[in-house]
Amino acid sequence: MNFQPRGISDQAIQGPASYQSQIEAAEALLKTQPTWNGVSAEAVARMRLQNRFKTGLDIARYTAALMRADMAAYDADPTKYTQSLGCWHGFIAQQKLISVKKHFGKTDRRYLYLSGWMIAALRSEFGPLPDQSMHEKTSVPALIEELYTFLRQADSREMNDIFRAIDAARKAGDKAKEKELIEKIDNFQTHVVPVIADIDAGFGNAEATYLLAKKMIEAGACALQIENQVSDEKQCGHQDGKVTVPHEVFLAKIRACRHAFLELGVEDGVVVTRTDSLGAGLTQQIAVSHKPGDIGDQYNSFLDCEEVTAANAKNGDVIINRNGKMMRPKRLASNLYQFRAGTGEDRCVLDSITSLQNGADLLWIETEKPHIEQIAKMVDRIREVIPNAKLAYNNSPSFNWTLNFRWQVYDAMKEAGKDVSKYVRADLMKVEYDETPLAIEADERIRTFQADSAKRAGIFHHLITLPTYHTAALSTDNLAKEYFGEQGMLGYVKNVQRQEIRQGIACAKHQNMAGSDIGDDHKEYFAGEAALKAGGAHNTMNQFG
């Protein structure tokens, strides 16, 4: 594998990458074209640097290499886990990465997650839909392209501000400042980061999966997350009624994703396989088995069956041979077959091992609660066969994190013989418990959950699927309460604009964020002194400094 560094100047592209060498290359080109009057070599260099990723495949190759390097780093040191937040719009993704760079100075090990749930709920032309693969599958690659359009614009905007500062330093004759700013360009770190993109259950058969995978990769996705549910019965991972497919059916879809990556030249592409078996008690198909102990036989061994005799056989019975006995799988009125209760963890382990042995790179085990030892118990068993197995894990808003961790602390205290008489387990969500030792301990376990589970349970990537769905709802509720109430305009100014200004939120200058300054500079490149620009003295954006 060819792993590339993070700096945008190190991206595998045609031609020189540094600021000065880009100018020199543009100058050499312009000398060969005497009729290209008025084209500035430095302007060409700047525009090239602002648009280093020409296609989605450039992005996919670049980010796949980053992700592979991060996986290797995690294998060597589990403190180097990665994180992402789900984004349902390019602007949300852009603001997230701008914030990451502002607060931490770099984007290392920070990704984006693209949630099929949020596409269904927020981006379908049908309107809000449940997470059942009913939304247009073309909306998935469309959102990937949108995310990267906004991230590339974040690069362009930040660089443009540096270019303007270079011009100001030159005008002031400050050579040291000019040199410092050029070094910032040469060492610029892009906002473009890996996206782990949800392809649901493939939206059809293996061919349909392959076709959609290609579109997603062409849009820039370096990692595809696919689940082992039936496409036309797909459910949200935290809802009931999930139906899984036999391993061979799922493996064909894994291979479809891998073929798509290889066809498009993204050899480092990452396949994340999700098992919903922990919460899925049903299957649509009985697996094909050719001999005892093969993968089909192992899948069928979990079916809830009863022995069949000539006396109790029924019309239309489906019969399987289990250890020489004729067995009838329990079939529901829906024509689905039922697994035995209590087999979920065993099925998750088998799903995970089989996926990793057949081309998957990362696992995703969908659980019903955030419990480190529950996850670790399965990962320990998987690692007996695949020592470097590692997970992407859904830090889901479907979990009541407060209640789950307060229960965990309560149960641990009780088991240790500590006095829990002042706590009512069923009421632990109440505000009155917030400052108690139990709640404080629970909050500390939540705070360290990602680091602790990365070390103990093999979780390489922590993601929150739907965070910006919830933050948008919460912030809108707070604004509506204040603005339409007695606070009026102060509800906006005090709680939104004033906070943007004081916290240095770049969006306070929303015209700049939308590209007004970039457009003005382009106008000057194209028309010189005749350019009609928006950023003059009377632009109200100047009120924000």
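Residues numbered from 1 in each chain as written. Predicted model: local features only at pLDDT ≥ 70, side-chain atom pairs only at ≥ 80, totals over all residues. Heavy atoms only, no water.

**Q** Before we go on, may I ask you to explain the pattern of salt bridges in this structure?
**A** Pairing between side chains of opposite charge can happen when their charged atoms approach one another. For the coordinates displayed, the defined rule picks out 31 salt bridges. A salt bridge links Glu366 to Arg274, with the nearest nitrogen and oxygen atoms 3.7 Å apart. You can see Glu366 sitting in the loop between strand S12 (362-365) and helix H12 (372-383) and its partner Arg274 sitting in strand S6 (residues 270-275), a full 92 residues away along the chain. Among the ionic pairs, Arg447 bridges to Glu444, the shortest N-O distance being 2.7 Å. (Salt bridge = Lys/Arg side-chain N within 4 Å of Asp/Glu carboxyl O. Helix = DSSP H or I, 4+ residues; strand = E, 2+ residues; numbered from the N terminus.)

**Q** Is there a simple way to explain the state of the cysteines in this structure?
**A** Every disulfide links exactly two cysteines, by a covalent bond between their sulfur atoms. With the rule as written, the count across this model stands at 0 disulfides. Cys222 takes part in no disulfide bond, and the closest cysteine sulfur to it belongs to Cys257, at a distance of 13 Å. Assessed through its relative accessible area of 0%, Cys222 is described here as buried. (Disulfide = S-S within 2.5 Å. Buried < 20%, exposed > 50% of the residue type's maximum accessible area, 1.4 Å probe, protein only.)

**Q** How should the packing of aromatic side chains be read in this particular structure?
**A** Two descriptors summarise a pair of aromatic rings, namely the distance from one centre to the other and the angle between the planes of the rings. All told, the structure shown has 13 aromatic pairs when counted by the stated rule. On the basis of an interplanar angle of 50° and a centroid distance of 6.1 Å, the ring pair of Tyr393 and Phe449 is categorised as tilted. Placement of Tyr393 in strand S13 (residues 391-394) and of Phe449 in helix H15 (residues 449-456) is noted, with a sequence separation of 56 residues between them. For Tyr393, a relative accessible area of 1% corresponds to the buried category. Accessibility expressed as a relative area gives 1% for Phe449, which makes it buried. An aromatic cluster of at least three residues, connected via ring pairs, comprises Tyr393, Phe399, Trp401, Phe405 and Phe449. For Lys101, the ring lying beneath its charged end belongs to Phe188, and the centroid distance is 4.2 Å. Sitting above the plane of the Phe104 ring, Arg110 keeps its charged end 4.5 Å from the centroid. (Phe/Tyr/Trp six-rings, centres within 6.5 Å; stacked < 30°, edge-to-face > 60°. Lys NZ or Arg CZ within 6 Å of the ring centre and 35° of its normal.)

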